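Structural overview for review
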Amino acid sequence: MTIDMSKFLDTFFEESAEGLDAMESGLLHMQDGAADDELVNTIFRAAHSIKGGSATFGLSEVAEFTHHMETLLDEVRAGKRAVASDLVDVLLESVDCLRAMLAASKSGSAGDPKRAKSLSARMAKILGVATGHVVVTASAQPVQAASGGWRIVFRPHAHLYRTGNDPVRMLRELAELGEYKVSCDTSRLPGFVNAQPEECALSWTVELRGEIPEKRVREVFDWVDGDCDLTLEPLPASSEKLAPDAPAVQAVVPVAKEKTNGDKTSTPAAPAAAETTSIRVGIDKVDALINMVGELVITQSMLGQVGKDFDMSRVEKLMHGLAQLERNTRELQESVMRIRMMPISFAFQRFPRMVRDLSQKLNKKIELRMSGEQTELDKTVMEKIGDPLVHLVRNSVDHGIEMPDVRRAAGKAETGIVTLNAFHQGGNIVIEIKDDGAGLPRGKIIAKARKQGLLGADEEPDDNKVFELIFMAGFSTADQVSDVSGRGVGMDVVRKNIKALGGTVDVKSESGKGSTFTIRLPLTLAILDGQLVSVGEQTYIVPLVSIVETLQMKKEAISAIAGRAELYRLRDEYIPVLRLYGLFGIEPRQKDLANGLLVVVEGEGKRVGLFVDDLQNQQQVVIKSLESNFKRVPGVSGATILGDGTVALILDVSGVIDASRQATAPSGLGKNQAQIRAA
Amino acid sequence: MPTILIVDDSASMRQMVAFTLKGAGYDVEEAVDGADGLRKAKGKPFNIVVTDVNMPNMDGIALIKELRALPTYKFTPLLLLTTESADDKKQAGKAAGATGWMVKPFNPEQLLATIKKVSG
């Protein structure tokens with residue numbers, strides 16, 4: 001039977017990644033002095049599992065490398081070794097190295113054997129052993145045959161059955177080794193009255209002929225060492241035959257039955273062609289889903305019955321059934337969406353390590369505090385928010401927190417605090433990255449902006465405007481380009497990435513007290529609450545979160561400036577009016593502003609009024625990517641299919657606002673719209 | 001065919017063992033740690049239990065001790081999965097009532113041979 005071990009590799013890589021994360025966070029805690037037994041055990045278990053798995057699945061370099069880690073951790077676990085910082089350092093580096101090795105195995109590339117070697121050497125030095133090839137795979141048996149065979153007396157102790165072992169199994173195994181003759185000694189059997197059926201009172205004498213190494217015989221009794229009396233005597237190498245009536249069950253079976261381990265498993269598996277991702281889902285979520293499906297089936301059968309002999313008297317029942325169906329569908333949808341939700345701790349968990357390494361590098365003292373790690377968000381959002389978060393945390397560590405002496409001089413504690421916090425607010429998740437450092441250098445930003453011509457020489461902007469500047473492309477005020485940050489690629493990319501997720505990022509800062517970056521993100525990218533609006537024959541969807549209000553315009557509040565631009569006075573504010581039909585180049589039913597409706601939307605702090613023919617209902621829509629099905633269209637974030645089967649475009653409010661400001665926009669968008677219709 | 005419970009906190013290991021044994025016709029169930037294993041073993045009598053040693057929420061040694069104390073598992077083969085270096089674990093396992101052990105790394109053939117050995 002051959003089994004392709006590579007099919008288990010994906011699972012192994014996945015659980016190893018989890019194990020490494022656990023090791024890393026454990027090691028970081030350990031360094032804080034909190035080396036309790038459970039923590040050490042967790043770290044040890046992770047290393048142990050990776051070693052076991054990699055050896056089993058044929059990743060011998062990984063197994064060999066992990067062996068040292070495991071040995072070190074085992075000594076810590078046994079209390080034989082104190083937790084010193086050099087130990088934690090080398091283990092943390094080993095975690096990194098292992099990650100790289102596993103990634104290399106996964107992709108089928110060679111990796112970096114030098115790094116592993118030098119780390120192995122460091123660990124060996126700590127362990128005080130010579131580096132060498134550590135054999136983790138089963139070693140070959142030394143063959144030392146007794147030419148004649150063996151006389152084996154096997155006298156099990158009374159409790160043998162209670163170890164789950166069966167003497168018959170051992171006898172059967174012996175029979176497979178060579179020419180076999182057995183006799184059973186029943187003399188220890190008590191009388192029937194005193195019989196103890198759970199105890200073993202029999203013993204056996206076996207004569208085993210053939211060239212069988214002693215080790216091979218002893219192996220048969222390996223599991224019952226201490227549970228029996230066993231004597232082995234070599235038989236003379238005579239050609240004496242067994243009695244013809246001997247219960248020799250089998251002919252001579254060659255000893256070389258056992259294969260050397262790993263001949264099948266040591267070849268690394270071919271890398272998987274396409275990366276498949278999977279998520280772990282709590283069983284409660286799956287149960288909820290199954291419950292919902294059950295409900296759905298009940299509703300379906302009820303509707304089926306209503307439909308069987310339908311007449312008008314049953315309309316009420318039908319309506320009731322449909323309402324129930326709607327409820328079921330919505331709940332089912334929510335349950336399914338919940339499956340994709342994961343706690344944000346998955347994105348946060350890399351930060352303790354990162355902050356530790358960075359603060360060491362920069363000689364700063366920094367404490368990282370995290371809260372709200374259990375706040376859930378969609379897996380796809382989670383995957384994309386990682387890099388922007390890393391950037392912001394790096395920024396706080398590098399630019400935000402001051403050097404210890406500077407902090408002391410400012411009357412602050414030497415240790416700076418970076419706080420990561422996540423919570424839900426409305427339909428959004430909010431992530432805050434806060435530091436108690438120096439705050440954004442307002443003066444420096446203004447000076448830099450003036451130099452780059454982003455600000456006029458005599459302009460005195462307010463804080464909001466100043467802090468907005470850091471999100472401009474190529475803007476960095478770092479005095480020196482460090483390894484950590486300050487290369488001028490950054491905040492603009494952060495904002496762009498967050499915007500791409502339908503989110504926003506804001507900054508608040510107070511000189512000497514610190515800065516707070518606040519990211520707001522939608523919980524999911526798959527479904528959106530939308531307001532359906534009609535323009536001519538078309539239906540568009542405006543994301544509900546961007547709508548401020550909807551109103552009928554009063555003629556006297558409309559004013560036109562310089563011919564084209566129109567403004568609407570809403571209370572104390574003038575809002576530019578954007579005719580959607582103009583933007584998309586379609587024929588509306590209403591051209592007179594007073595007869596249509598104005599949907600006031602907000603994006604990136606700017607408000608515009610979208611002029612539409614009419615409002616339809618509000619509903620949740622499933623977002624289909626326009627980009628993957630057609631192409632990217634400015635002003636449109638995606639499309640959806642409505643209940644009647646028609647396709648409706650979802651407006652990207654910030655995109656629409658941007659487009660409205662470009663004089664060329666109407667024709668550009670109109671052309672795309674025509675293409676969409678043609679497609 | 002005998003029913004087998006495999007207890008291991010490593011999903012890949014469980015997958016490999018379960019796949020191999022199911023392929024050979026055994027009826028296999030999986031448990032993710034000692035506590036889960038004990039619960040499952042109490043819920044239904046298995047003919048063989050194979051357990052890893054190092055696991056969260058009750059390790060393999062403790063699981064074997066618990067199982068051996070139950071009337072249902074008094075004579076049942078209970079096997080430990082250990083690494084070669086862990087000789088003390090073998091002894092601790094034996095003291096807890098383990099029938100025997102399988103040394104990691106093992107391949108599917110070795111696994112099947114061992115299971116066949118104890119399943120009689």
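The rules behind each value
- Residues numbered from 1 in each chain as written.
- Chains lettered and ligands numbered in written order.
- Predicted model: local features only at pLDDT ≥ 70, side-chain atom pairs only at ≥ 80, totals over all residues.
- Helix = DSSP H or I, 4+ residues; strand = E, 2+ residues; numbered from the N terminus.
- Buried ≥ 20, exposed ≤ 12 C-beta atoms within 10 Å, placed from the backbone.
- Contact = placed C-beta atoms within 7 Å.
- Core = buried A, V, L, I, M, F, W, Y, C linked by C-beta atoms within 7 Å.
- Nonpolar A, V, L, I, M, F, W, Y, C, P; charged D, E, K, R; others polar.
- Pairing = 2+ DSSP bridges.
- pLDDT = per-residue confidence, 0-100.
- Arc of directions from axis to C-beta.
- Axes fitted to C-alpha atoms, helices over the stretch in contact; angles between N-to-C directions.
- Parallel < 35°, antiparallel > 145°, perpendicular 65-115°, else oblique.
- Left-handed = near helix turned anticlockwise from the far one by under 90°.
- Expected span 1.5 Å × (residues − 1).

**Remarks on the overall build of chain B**
Within chain B, the secondary structure is distributed over five helices and five strands. Within chain B, the proportion of its 120 residues that are buried is 52%. Contacts in chain B between residues at least 24 apart in sequence constitute 59% of all its contacts with a sequence separation of at least 6.

**Quick notes on the overall build of chain A**
Broken down by element type, chain A carries 20 helices and 24 strands. Expressed as a percentage of the 679 residues in chain A, the buried residues total 31%. Excluding contacts between residues fewer than 6 apart, the proportion of contacts in chain A whose partners are at least 24 apart in sequence is 70%.

**Here's the deal with the nonpolar core**
I4 and V49 of chain B are the most contacted members of the largest nonpolar core, which totals 71 residues. Considering each element in turn, this core owes the most residues, eight residues, to helix α4 (residues 85–107) of chain A. In this structure, I4 of chain B is in contact with L21, Y26, D27, V28, F46, N47, I48, V50 and I115 of chain B, ignoring residues within four places of it in sequence. Counting residues in each nonpolar core, the second largest holds 37 residues, with F348, L389, I429 and M491 of chain A among its members.

**Notes on the interface of chain B and chain A**
The partner chain A presents 31 residues to the 32 residues of chain B that form the contact. Looking at the side of chain B that touches chain A, the elements with two or more residues in it are α1 (11–23), β4 (78–83), β5 (100–104) and α5 (108–119) of chain B. Element by element, the count of residues in the side of chain B that touches chain A is highest for α1 of chain B, at eight residues. Here the residues of the side of chain B that touches chain A are counted per class, giving 13 nonpolar, 13 polar and six charged.

**Section: the pairing of strand β3 (residues 48–52) of chain B**
All names here are of chain B. Within β3, five of the five residues are buried, which leaves it mostly tucked inside the rest of the structure. Burial along β3 is two-sided: the residues I48, V50 and D52 and V49 and T51 are all buried. Bridge count between strand β1 (residues 3–7) and β3: four bridges; the pairing is parallel. The residue of β3 that forms the bridge with L5 is V49.

**A word on the confidence of the model for chain A**
Residues and elements named next belong to chain A. Across chain A, the average pLDDT comes to 79, with 84% of residues at or above 70. By mean pLDDT, the top-scoring element of chain A is strand β15 (residues 538–543) (92), and the lowest-scoring one is helix α20 (residues 665–678) (48). Confidence drops under pLDDT 50 across residues 663–671; counting only partners more than four residues distant or on other chains, this segment forms 14 contacts.

**A look at unusual backbone geometry**
Residues and elements named next belong to chain B. Look at the link from K104 to P105: it is a cis peptide, with omega at -5 degrees. Backbone geometry places N57, a non-glycine residue, at a positive phi of 50 degrees. Within the secondary structure, N57 is located in the loop between β3 and α3 (60–68). One non-glycine residue, M58, adopts positive backbone phi at about 85 degrees.

**Section: helix α16 (residues 491–500) of chain A**
Residue and element names in this part refer to chain A. For α16, the set of buried residues is M491, V494, R495 and I498. Around the axis of α16, the buried residues are gathered within 95 degrees of arc, so they sit on the same side. Buried-residue contacts for α16 involve α12 (379–400), β12 (504–510) and β13 (514–522).

**Overview of the sheet that holds strand β2 (residues 149–156) of chain A**
Residues and elements named next belong to chain A. Pairing within the open sheet is antiparallel, and its four strands lie in the order β3-β4-β2-β6. Of all strands in the sheet, those bounded by a partner on one side alone are β3 (179–185) and β6 (228–234). Ignoring which end each strand starts from, the neighbouring axes of this sheet average 15 degrees apart. Two strands pair when backbone bridges link them, and β2 and strand β4 (residues 203–209) are joined in this way by six bridges, in the antiparallel orientation. Residue pairing for β4: F154 is matched across the bridge by W204. Most of the contacts of helix α6 (residues 167–175) go to β4, to which it runs at about 10 degrees, and overall it touches β2, β3 and β4.

**Observations regarding the sheet that holds strand β11 (residues 428–435) of chain A**
All names here are of chain A. Spatially, β8-β10-β11-β13-β12 is the arrangement adopted by the five strands of the open sheet, whose pairing is mixed. With partners counted over all chains shown, the strands left at the sheet margins are β8 (366–371) and β12, one partner each. Strand-to-strand twist of the sheet, defined as the mean angle between neighbouring strand axes without regard to direction, takes the value 15 degrees. In terms of strand pairing, β8 meets strand β10 (residues 416–425) through six bridges, oriented parallel. Residue S371 lies in a different strand from β10, and its bridge partner there is N421. Packing of α12 onto the sheet brings it into contact with β8, β10, β11 and β13, and relative to β11 it is tilted by some 20 degrees.

**Observations concerning the packing of α4 of chain A against helix α5 (residues 113–127) of chain A**
All names here are of chain A. Where α4 meets α5, the closest approach of the two axes is 10 Å, and the angle between their N-to-C directions is 150 degrees. Between α4 and α5, the angle is such that the two are roughly antiparallel. Crossing geometry of α4 relative to α5 is assigned as left-handed. For the pair formed by α4 and α5, the contact residues are L87, V90, E93, S94, C97 and M101 on the first element and R115, A116, L119, R122, M123 and I126 on the second. Taken together, the residues of the contact of α4 with α5 sort by class into eight nonpolar, one polar and three charged.

**Brief notes about the packing of helix α3 (residues 60–77) of chain A against α4 of chain A**
All names here are of chain A. The N-to-C vectors of α3 and α4 enclose an angle of 160 degrees; their axes lie 11 Å apart at closest approach. Accordingly, the angle class assigned to the pair α3 and α4 is roughly antiparallel. The way α3 lies across α4 gives a crossing that is left-handed. Touching E61, V62, F65, T66, M69 and L72 of α3 are L87, L91, S94, L98, M101, L102 and S105, all from α4. Of the residues contributing to the contact of α3 with α4, the split by class is nine nonpolar, three polar and one charged.

**Things to note about α5 of chain A**
Residue and element names in this part refer to chain A. The end-to-end C-alpha distance of α5, which contains 15 residues, comes to 21 Å, matching closely the 21 Å that a straight helix rising 1.5 Å per residue would cover. Listed in full, the buried residues belonging to α5 are A116, L119, S120 and M123. Down the axis of α5, the smallest arc covering the buried residues is 105 degrees, so these residues share one side. More than 90 degrees from the buried face of α5, the exposed residues found are K114 and K125. The elements touched by buried residues of α5 are α3 and α4. Immediately beyond the C-terminal end of α5, within one or two residues, lies G128, with a positive phi of roughly 75 degrees.

**Overview of the environment of I366 of chain A**
Checked against the element boundaries, I366 of chain A lands in strand β8. Setting aside chain neighbours within four positions, we find I366 of chain A in contact with V355, S359, V397, I401, T415, G416 and V418 of chain A.

**Section: the pairing of strand β14 (residues 527–535) of chain A**
All names here are of chain A. For β14 and strand β22 (residues 614–622), the ladder comprises seven bridges, and the chain directions are antiparallel. For I527, the partnering residue across the bridge sits in β22 and is V622. With six bridges connecting them, β14 and β15 associate as antiparallel partners. Opposite V535, over in β15, you have Q538 as the bridge partner. Here β14 folds back onto β15 in antiparallel fashion, the turn holding two residues, of which G536 has a positive phi close to 55 degrees.

**Regarding the confidence of the model for chain B**
On average, residues of chain B score 89 in pLDDT, and 97% of them are at 70 or above. In the predicted assembly, ipTM is 0.87 and pTM is 0.54.

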